[in-house]
Amino acid sequence: MQKTIRDPALWNEWHPVALAEEIGTVPKGVCVLGEKIVLYRSSKGITAMRDLCIHRGVPLSLGRVQGDRIVCAYHGWEYDQSGACVCIPALPKHQAIPTKARTPTFACCESLGFVWVCLGEPSRPTPIYEDFVPSELIPLRMGPYPVQASGPRVVENFLDVSHLMFVHEGLLGDREFPEIDDYTMVEENGVFRSTEIAVYQPDPDGRGHGVTSRYTYEIFSPLGVRLTKTADGSDELFHLFLFVLPESETTCTAYMLQLRNYGQDIPDHVFVDFQNTLLAQDKLIVENQKPELLPLDLQAELHLKCDRVAIAYRRRLKELGVTFGTD
Ligand code: FES
Ligand SMILES: [Fe+2]
């Protein structure tokens, strides 16, 4: 049996598959939990269907969109947005199209400027994160960032405070100030949240001034988390969501949504370039970690008090029964 079938947690989750602006009338192929999916936009909205023509197994993402239909590149079979094949050019007009001629479609929605797909039965019409986005903040979307590591490894790296002074030295941390004061994790309505963690940061967002930041980490779902940052003596508020698309057990694509209440006039590329630098630093670590699948058995690795967010994350994945990308 495929691991994904045994993984109702991820099967019924909304997964980020693209920035909304990436999906138009040119079909785009993506991969969710090992399932190849084609996405396209028509007057009926965005359609997500299995990226495989049932005639001879050609990916529909090689085809084109015509009206509200997607047309296979090989023999021109046309599928409507329900996945039904509604035109077979080689079939004489008086012959009916076989009812079996259809391809599965998947739940798909647009939210927060991203496109999301659910392979199973979503518990809500859109992802939960919308409820945590204050409208007065400036949004900035980042990604896609492909990573050769399991989704849970990438999320855990994002939730790890004590690497900042080493992997991101000079930016998010300083190795002269590596100690992490004690903090706790609290749960509220299924969201796991750390209390504030103080970190001295030489250059926390690319603007080049050092501050003592207060970090809060939140775990909303198996692959959707948020960092909130405030600074002593400042009104600035900064959120960074991380949404990870699990493609295979050891590959994923990360997307980020930054929200801030300052720097209206700062061009986006300042923040994007900065995030790209951080991502490259993290990639080197997570792409080389062993084992590749995140161990959920807490005895498997050593944990310190400062790893409480990661411990809560591993516990949560275990509780939900996440098996894809974990061990
Ligand atoms: S393979 Fe798609 S139409 Fe033949
Ligand atoms: Fe990092």
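1. Quick look at the overall build of the chain
Here comes step 1: Counting its regular elements, the chain contains five helices and 18 strands.
Here comes step 2: Scaling as 2.2 N^0.38, a compact globule of 327 residues should have a C-alpha radius of gyration of about 20 Å, and the chain matches this with 22 Å.
Here comes step 3: Dimensions along the principal axes, computed over C-alpha positions, put the chain at roughly 80 × 50 × 35 Å.
Here comes step 4: Relative to all contacts within the chain whose residues are 6 or more apart in sequence, the contacts with residues 24 or more apart total 56%.

2. Looking at helix α5 (residues 308-320)
One turn of an α-helix holds 3.6 residues; hence residues three or four places apart share an orientation.
Here comes step 1: The end-to-end C-alpha distance of α5, which contains 13 residues, comes to 18 Å, matching closely the 18 Å that a straight helix rising 1.5 Å per residue would cover.
Here comes step 2: For α5, the set of buried residues is Arg308, Val309, Ala310, Ala312, Tyr313, Arg314 and Leu317.
Here comes step 3: Residues of α5 that are buried make contact with α2 (151-158), β12 (185-188), β13 (191-194) and β15 (211-221).
Here comes step 4: Downstream of α5 by one or two residues, Gly321 has phi in the positive range, about 80 degrees.

3. Looking at the sheet that holds strand β5 (residues 64-66)
Here comes step 1: Overall, antiparallel pairing links the four strands, which are arranged β5-β6-β7-β8 in an open sheet. The two strands at the open ends of the sheet, each matched to only one other strand, are β5 and β8 (85-87).
Here comes step 2: Bridge analysis of strand β6 (residues 69-71) against strand β7 (residues 78-79) gives two bridges, and the strand direction is antiparallel. Residue pairing for β7: Val71 is matched across the bridge by Glu78.

4. A word on the domain arrangement of the chain
Often the size quoted for an interface is simply the accessible area lost on bringing the parts together.
Here comes step 1: Under the domain assignment, the chain is made up of domain 1 (3-118) and domain 2 (134-320).
Here comes step 2: Here domain 1 and domain 2 have C-alpha centroids that lie 33 Å from each other.
Here comes step 3: Taken residue by residue, the interface counts 14 residues in domain 1 and 13 residues in domain 2.
Here comes step 4: Put simply, the parts of the chain that give the side of domain 1 that touches domain 2 at least two residues each are α1 (8-11), β1 (15-19) and β2 (28-32).

5. A closer look at the packing of α2 against helix α4 (residues 268-286)
Here comes step 1: Across the interface, α2 lies against α4 with an axial gap of 11 Å and an inter-helix angle of 125 degrees. In terms of their interaxial angle, α2 and α4 are classed as oblique. The interaxial crossing formed by α2 with α4 has right-handed handedness. Listed contacts from α4 to Arg153, Val154 and Asn157 of α2 are Asp282, Ile285 and Val286.
Here comes step 2: Within the contact of α2 with α4, the residues separate by chemical class into three nonpolar, one polar and two charged.

6. Observations regarding the nonpolar core
Here comes step 1: Of all hydrophobic cores here, the largest spans 71 residues; its most connected members are Leu39 and Leu242.
Here comes step 2: A per-element tally of this core places strand β17 (residues 237-248) first, with seven residues.
Here comes step 3: What Leu39 contacts, discounting residues up to four positions off in sequence, is Val17, Ala18, Ile23, Lys28, Val30, Ile46, Ala48 and Val115.

7. Re unusual backbone geometry
Here comes step 1: Put simply, Gly143 and Pro144 share a cis peptide bond, and its omega is 0 degrees.
Here comes step 2: One can find Pro144 in strand β11 (residues 138-147).
Here comes step 3: Cis geometry is found at the peptide bond from Lys290 to Pro291, where omega equals -5 degrees.
Here comes step 4: As for its position among the elements, Pro291 is in the loop between α4 and α5.

8. Let's talk about the sheet that holds β1
Here comes step 1: Spatially, the three strands line up as an open sheet ordered β1-β10-β9, and their pairing is antiparallel. Of all strands in the sheet, those bounded by a partner on one side alone are β1 and β9 (107-111). Strand-to-strand twist in this sheet, taken as the mean axis angle between neighbours without regard to direction, amounts to 30 degrees.
Here comes step 2: Note: β1 against strand β10 (residues 114-118), four bridges, orientation antiparallel. Across the sheet, Leu19 pairs through a bridge with Phe114, a residue of β10.

Calculation rules
Residues numbered from 1 in each chain as written. Chains lettered and ligands numbered in written order. Predicted model: local features only at pLDDT ≥ 70, side-chain atom pairs only at ≥ 80, totals over all residues. Helix = DSSP H or I, 4+ residues; strand = E, 2+ residues; numbered from the N terminus. Rg over C-alpha atoms; globule rule 2.2 N^0.38 Å. Contact = placed C-beta atoms within 7 Å. Expected span 1.5 Å × (residues − 1). Buried ≥ 20, exposed ≤ 12 C-beta atoms within 10 Å, placed from the backbone. Pairing = 2+ DSSP bridges. Domains from an automatic or database assignment. Axes fitted to C-alpha atoms, helices over the stretch in contact; angles between N-to-C directions. Parallel < 35°, antiparallel > 145°, perpendicular 65-115°, else oblique. Left-handed = near helix turned anticlockwise from the far one by under 90°. Nonpolar A, V, L, I, M, F, W, Y, C, P; charged D, E, K, R; others polar. Core = buried A, V, L, I, M, F, W, Y, C linked by C-beta atoms within 7 Å.

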